[in-house]
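Residue-level structural notes
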Amino acid sequence: MRDLFHSAGRPKPLITLSCHSLAEVQRARREQVDAIVFAPVFEKPLADGQKLPGQGLDQLRAACIAAAPIPIFALGGVTIENASECLEAGAAGVAGIRLFHRS
């Protein structure tokens with residue numbers, strides 16, 4: 001992908017990958033992506049009223065260790081109240097959709 005941008009005379013792209021398991025994180029690291037979004041960290045409600053179970057902070061911590069030095073951003077059920085726990089687990093930051101919407 002980077003070669004394509006380079007051959008077109010474009011600036012270096014920022015390549016991120018969404019990962020949902022440690023195996024995917026390890027693959028992303030081998031592919032030398034610039035950042036990883038790891039999800040879902042916490043349980044989150046779905047549009048149909050069901051809930052998607054979260055992987056938890058221990059899995060996030062393991063993902064951050066496996067990905068190093070590539071930064072991981074936590075996604076999935078992240079709230080203002082639990083965002084700092086993601087950082088304490090080693091995440092470089094948090095990503096969100098509902099987190100940044102104001103009602």
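Here is a short report on the structure shown in this document. (Residues numbered from 1 in each chain as written. Predicted model: local features only at pLDDT ≥ 70, side-chain atom pairs only at ≥ 80, totals over all residues. Heavy atoms only, no water.)

Brief notes about the pairing of strand S2 (residues 35-38)
Side chains Ala35 and Val37 project from S2 onto one buried face, and the interleaved Ile36 and Phe38 project onto a second face that is buried too. Here strand S1 (residues 16-19) runs beside S2; their pairing, made up of four bridges, is parallel. Paired with Leu17 across the bridge in S2 is Ile36. Following the chain from S1 across helix H2 (residues 22-30) to the adjacent parallel S2, one finds a crossover that is right-handed. Inspection of the sheet shows S2 paired to strand S5 (residues 72-74) by three bridges, in the parallel sense. Counterpart to Val37 in the pairing with S5 is Phe73. (Buried < 20%, exposed > 50% of the residue type's maximum accessible area, 1.4 Å probe, protein only. Helix = DSSP H or I, 4+ residues; strand = E, 2+ residues; numbered from the N terminus. Pairing = 2+ DSSP bridges. Right-handed = clockwise from strand over helix to strand, strands pointing away.)

A few points about helix H3 (residues 57-67)
Buried within H3 we find Leu60, Ala63, Cys64 and Ala67. Taken down its axis, H3 places every buried residue within 100° of arc, on the same side. The outward face of H3, more than 90 degrees from its buried face, is lined by the exposed residues Asp58 and Ile65. Buried residues belonging to H3 abut H2, S2, S5 and helix H4 (83-88). (Arc of directions from axis to C-beta. Contact = heavy atoms within 4.5 Å.)

Digging into the pattern of salt bridges
Counted by the stated rule, this structure contains two salt bridges. Two residues, Glu43 and Lys51, come together in a salt bridge whose shortest N-O distance is 3.8 Å. For Glu43, a relative accessible area of 49% corresponds to the partly exposed category. Relative accessible area serves as the criterion here: at 55%, Lys51 is assigned to the exposed category. The shortest N-O distance in the salt bridge between Asp58 and Arg61 comes to 3.0 Å. Pair noted here: Asp58 and Arg61 are both in helix H3, with a separation of three residues, about one helical turn. (Salt bridge = Lys/Arg side-chain N within 4 Å of Asp/Glu carboxyl O.)

Section: the packing of H2 against H3
One can describe the packing of H2 onto H3 by two numbers: an axis separation of 9 Å at closest approach and a directional angle of 20°. In terms of their interaxial angle, H2 and H3 are classed as roughly parallel. Considering how the two elements wind past one another, H2 and H3 form a crossing that is right-handed. In this structure, H2 contributes Leu22, Val25, Gln26 and Arg29 to the contact, and H3 contributes Gln59, Ala62, Ala63, Ala66 and Ala67. (Axes fitted to C-alpha atoms, helices over the stretch in contact; angles between N-to-C directions. Parallel < 35°, antiparallel > 145°, perpendicular 65-115°, else oblique. Left-handed = near helix turned anticlockwise from the far one by under 90°.)

Thoughts on the side chain of Asn82
Take Asn82: it is sitting in the loop between S5 and H4. With relative accessibility at 11%, the residue Asn82 sits in the buried group. When residues no more than four places from it in sequence are discounted, the contact partners of Asn82 are Phe42 and Gly77.

Here's the deal with unusual backbone geometry
In this structure, the amide linkage connecting Ala39 to the following residue, Pro40, adopts the cis form with an omega of -15°. Residue position: Pro40 is located in the loop between S2 and strand S3 (44-45). The omega torsion of the bond from Ala68 to Pro69 falls at 10°, within 30 degrees of zero and hence cis. Counting through the fold element by element, Pro69 comes out in the loop between H3 and S5. The phi angle at Gln32 is positive, at roughly 55°, despite the residue not being glycine. Among the secondary structure elements, Gln32 is positioned in the loop between H2 and S2. Here Gln32 falls in the exposed class, since its relative accessible area comes to 56%.

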